Amino acid sequence: MPIAPAIPSADAQLPATRRDIAPLLLVPALMLATLPLVGSWSTWVTLTVAGLAMGMMIFIMASGLTLVFGLMNVINFGHGAFIAVGAFSATLVLLPLRSWLEMDSLPVNLAVLALAIVVAMLVTALLGWAFERLLIQPVYGQHLKQILVTMGGMIVAEQLIHVLWGAGTIAVPLPTALRGAFVLGDAAIDKYRLVAVAVGLVVFVTMYLILNRTKIGLLVRAGVEHGEMVEALGYRIRRLFVLVFAAGAGLAGLGGVMWGLYKETLTAAMGGEIMVMLFIVIIIGGPGSVGGCFIGALLIALVANYAGFLAPGIALVSGIVLMISVLLWRPAGLYATGRG
Amino acid sequence: MLRQLLSGDLPRSRSLTALLVVILLGLALAPFLTSGARPLNTAATICVYIVLVASYDLLLGYTGIVSFAHTMFYGIGAYGIGLALARVDEPTWGVAMTGLGLALLLALALALVVGLFALRVQAIFYAMITLAVASSFAVLASQLSDFTGGEDGVTFSVPHVLSPAYRLVEHEVFGRHLDGRVLTYYVVFFGCLLLFLFLLRLVNSPFGRVLQAIRENAFRAEALGYRTMVYRIWANVLAALTASLAGALMALWLRYVGPKTSLGFEVMTDILLIVVIGGMGTMYGAVVGATLFILAQNYLKEWMAHGSAALDGVPLLAAALHPDRWMLWLGLLFILSIYWFPVGIVGKLRLRAWLAQRPTRS
Amino acid sequence: MERPTPNMLAPDPATRQPLLRLAGVHTHIGQYHILHGVDLQVARGELAVLLGRNGAGKTTTLRTIMGLWRASSGSIHFDGADITRLATSAIARAGIAYVPENMAVFSDLTVRENLVLAARNGPLDTARVDWICGFFPALRTFWHRPAGNLSGGQKQMVAIARAIVEPRKLLLVDEPTKGLAPAIVHSLMAAFRELKAQGATILLVEQNVHVVRALGDTASVMDGGRVVHAGPMAVLAGDAALQQRLLGLSLDTQP
């Protein structure tokens, strides 16, 4: 006569895991929370748009880095090289076609900008391919050497920019049609910032669609979890690696162009300077997670902007404070991909 | 006797021994072998960098930890002594020691906090976190300009014995006045020598062996009963304190502290370059590497300038050889070292000596 | 007494070549010498069972065949070709499907996406998918749910479904029934039987004696990184002393 209580069968259905929406609420919550603190509607709008624009650019720059790390377990301390090279490559289009940029015509300006972006992305994707082949492939699996080698690569790339472009600094004024701001009541919204936000959204949506609706995207998502099994299913995962690496480099190049125009100056060190922030974003978002990277980038930019206004003293370290806060809540980042 | 002094870690290669002896003698007798301020400055920089890189080798080469916070500790030591001496009217040894003591306490606290928080995570994350912490620290230092002197830094006076006006004896010795600068140089030299021997003792002790075991296979070390976290934190703390002391010595020599010289990322890059090219995990690699690097940094650029002028017509090559581009060549050398010299110069010399010793097979 | 005609006993020459043949395979992992010269053969259309105690080297053998670990010496021939030095993806494309011990189901992908990925030669064959769902109805239920939400048994179904979503020449299956309820084990066995009936060749690592007895055509027993016994299942099943000596247990235990 059975006395023990009925033990559920080993294959009883587990309760369905809820979609993890808490991190998705962080950005809207932050925006809403600071509105009363800032007080003035117009200031809040300016700060928020600036934060969103910067956040989008940071996302674009960091997205390649996080994907490469998640998929290939490769840490690229030379990622900044792609940002700088992308920005400088854009000058190959922006400088000769300067007169078109000075025309007050949105379609013409955008066309030149688009061409510059295409050139920049091609150059950086090519550089990324070379980087992967020459520097990274020989040191797969050896994190220490990866860190050192990629740092070396960035130093060399930065110096080569000096050699190839002569000066280390180039001024790139904004196209005429993108200068100035829209006025919304009391608030002024920079036109270029809107463009940055738009581009960022396009990149994010495109990445989302590719990752979730195409076979390549499936491969990347599966590879992030279990590269060995993907290989056992018959796919050459090395080719996937190279492709993702080059794509990540191209994205960094795009980010570099947007970032350079935002600052209206290009410096050879611009990529290296921002590496710290990119790393913080990746740690916050969870390595390998594009969604986490998106949220992390927006958070860090918004926090920096709000803090700059509300508490200038801590604005500079707001990134670290944010990182520590997030890690205390979720030690593996907002969206951990299960990689140990 | 020599064996004991070097804690059993002999060079094991005749060329290496010769090189080390030359460097040691050169540094010991630098004030008398050279004239003028610049060579002495180079020598002092070499001494300090040897210790700075050797302490980094403790972390990287012996324990297998990549940290970007090393310059932060270097800067803390420098600023400790510098700010203390700058903020008082009468620069005395007491003031200097107090400043140094406070700096060491800060370094200890930071090393413990960062270590406890971050050493439990994967190596990559630790590297990124130290990078973030160090750059925030650097930003803070330049922003709190009232306290730290901001971007420009702070100059200060040193205790009278070390100042240029002081004279130990009235006449010249071997062509050099024994003034405060020379005395300061010997403070730096002996200080660095002691610190280096201390590090050598450390890595050849049982503690050092455990560190190397952890570097090779942390999992197995843990399984063998060694609490790897504790050892890593100890390594972190010791490396940090040594770097701080090196920073203090440097500040004493320069009579100046500033974010560029003490906290800049350039210093971190230099350390990495030296430790890889010299040879990770060897300690002597720091000696050889730092000497070559600093000498090259100061004197090679002149050669590059000549080369660049000579190639004036050729478009890209002239730019590539311009002395400002010396980092380009160093970077290439760095990358090549990682692939082909993974053991660095010292490792290569030792390997060659070892191969030469083996009985040839018939 | 009539002598059996040779034709009745000798297999067709075309299929006489074993589909998979390992000869003297050694595998080192780091400094550990795991496989000490494995000799193994699997004939076409048979379900070969690989038995042995824990740590005998069964999983290592499968992984070595799949190229996930490199054989340090010896040779592996599959369908006439030498696959010893090939990359894993090439081995998979040669027609071998692998169901690992930990299933390696992609948790972030839905059940459907897991199968789409496995169907590398084109879109999913709906007829075949229907057939698979016949064994594993749970797959239908969870078709669009992330595979990470599934229970252990259901994940196992996904893992096996992945291996058979397209016809493959050889299936390597590592302990599929471990920790599963009897009902699921039944479904798995039915699936394996069907596959066999369709002519698939299977190399199965299993410890469940009921499954072993019911399904296996041949049995190879491993111990200490070597195959110490190989032969028809009937021989092993009929010799209790042999079972005790090789496996330390009896194959007669009730399911």
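1. Here's the deal with the overall build of chain A
Moving on, step 1. A count of helical and extended segments in chain A gives 13 helices and four strands.
Moving on, step 2. In terms of overall size, chain A behaves like a compact globule, its C-alpha atoms giving a radius of gyration of 22 Å where 340 residues would be expected to give roughly 20 Å.
Moving on, step 3. Principal axes of the C-alpha set define a box for chain A whose edges measure 90 × 55 × 35 Å.
Moving on, step 4. Looking at the 340 residues of chain A, the share that counts as buried comes to 52%.

2. With respect to the interface of chain B and chain A
Moving on, step 1. Taken together, the contacts link 30 residues of chain B with 25 residues of chain A.
Moving on, step 2. Elements with a contribution of two residues or more to the side of chain B that touches chain A: α7 (123-143), α14 (265-278), α16 (315-321) and α17 (326-340) of chain B.
Moving on, step 3. With 13 residues, α7(B) is the largest single contributor of residues to the side of chain B that touches chain A.
Moving on, step 4. For the side of chain B that touches chain A, the per-class residue count stands at 23 nonpolar, six polar and one charged.

3. Side note on the packing of helix α3 (residues 79-94) of chain A against helix α6 (residues 143-165) of chain A
Residues and elements named next belong to chain A.
Moving on, step 1. Running from amino to carboxyl end, α3 crosses α6 at an angle of 15°, the nearest separation of the two axes being 9 Å. Here α3 lies roughly parallel to α6, going by the angle between them. Every pair of crossing elements has a handedness; the one defined by α3 and α6 is left-handed. Between α3, through Gly-80, Ala-81, Ala-84, Val-85 and Phe-88, and α6, the contact on the second element is made entirely by Gly-153, Met-154, Ala-157, Glu-158, Ile-161 and Trp-165.
Moving on, step 2. Each residue belonging to the contact of α3 with α6 can be placed in one class, and the counts come to eight nonpolar, two polar and one charged.

4. Points about the domain arrangement of chain C
Residue and element names in this part refer to chain C.
Moving on, step 1. For chain C, the assigned domains are domain 1 (18-95 + 168-247) and domain 2 (105-166).
Moving on, step 2. Between domain 1 and domain 2, the C-alpha centre-to-centre distance is 24 Å.
Moving on, step 3. At the interface, 12 residues of domain 1 touch nine residues of domain 2.
Moving on, step 4. In terms of residue count, helix α8 (residues 182-197) provides more of the side of domain 1 that touches domain 2 than any other element does, six residues in total.
Moving on, step 5. Classifying every residue of the side of domain 1 that touches domain 2 gives nine nonpolar, two polar and one charged.

5. Section: the nonpolar core
Moving on, step 1. Counting 312 residues, the largest nonpolar core has Ile58(A) and Ile50(B) as its most contacted members.
Moving on, step 2. The dominant element in this core, judged by the number of residues it contributes, is helix α2 (residues 41-72) of chain A, at 19 residues.
Moving on, step 3. Built from parts of two domains, this core gets at least three residues from each of domain 1 (18-95 + 168-247) and domain 2 (105-166) of chain C.
Moving on, step 4. For Ile50(B), the residues in contact, after removing those within four places along its chain, are Cys192(B), Phe196(B), Ala286(B), Val287(B) and Ala290(B).

6. So, the interface of chain A and chain C
Moving on, step 1. On the side of chain C, 26 residues touch chain A, which itself brings 23 residues to the contact.
Moving on, step 2. When the residues that make up the side of chain A that touches chain C are grouped by side-chain class, the tally is 11 nonpolar, six polar and six charged.

7. Some thoughts on the confidence of the model for chain C
Residue and element names in this part refer to chain C.
Moving on, step 1. The predicted model of chain C averages 86 in pLDDT, with 92% of residues at 70 or higher.
Moving on, step 2. Least confident of the elements in chain C is helix α1 (residues 6-9), whose mean pLDDT is 46; most confident is strand β6 (residues 96-99), at 95.
Moving on, step 3. The low-confidence segment residues 4-11 (pLDDT under 50) makes two contacts with residues lying over four places distant or belonging to another chain.
Moving on, step 4. Two summary scores accompany this predicted model of the complex, namely pTM at 0.81 and ipTM at 0.86.

8. Brief notes about the arrangement of the chains
Moving on, step 1. No other pair of the two pairs of chains in contact has as many contacts as chains A and B.
Moving on, step 2. For chain B and chain C, which are not in contact, the least C-alpha distance works out to 12 Å.

9. Here we look at the pairing of strand β4 (residues 71-78) of chain C
All names here are of chain C.
Moving on, step 1. Sheet topology places strand β1 (residues 20-29) next to β4; six bridges connect them, and they run antiparallel. From the neighbouring strand, Leu-20 faces β4, where its bridge partner is Phe-78.
Moving on, step 2. Pairing analysis gives two bridges linking β4 to strand β5 (residues 81-82), with the strands arranged antiparallel. Paired with His-77 across the strands is Asp-82, a residue of β5.
Moving on, step 3. Hairpin connection, β4 to β5: the antiparallel pair is bridged by two residues, and Asp-79 has positive phi, about 50°.

How each quantity is defined
Residues numbered from 1 in each chain as written. Chains lettered and ligands numbered in written order. Predicted model: local features only at pLDDT ≥ 70, side-chain atom pairs only at ≥ 80, totals over all residues. Helix = DSSP H or I, 4+ residues; strand = E, 2+ residues; numbered from the N terminus. Rg over C-alpha atoms; globule rule 2.2 N^0.38 Å. Buried ≥ 20, exposed ≤ 12 C-beta atoms within 10 Å, placed from the backbone. Contact = placed C-beta atoms within 7 Å. Nonpolar A, V, L, I, M, F, W, Y, C, P; charged D, E, K, R; others polar. Axes fitted to C-alpha atoms, helices over the stretch in contact; angles between N-to-C directions. Parallel < 35°, antiparallel > 145°, perpendicular 65-115°, else oblique. Left-handed = near helix turned anticlockwise from the far one by under 90°. Domains from an automatic or database assignment. Core = buried A, V, L, I, M, F, W, Y, C linked by C-beta atoms within 7 Å. pLDDT = per-residue confidence, 0-100. Pairing = 2+ DSSP bridges.

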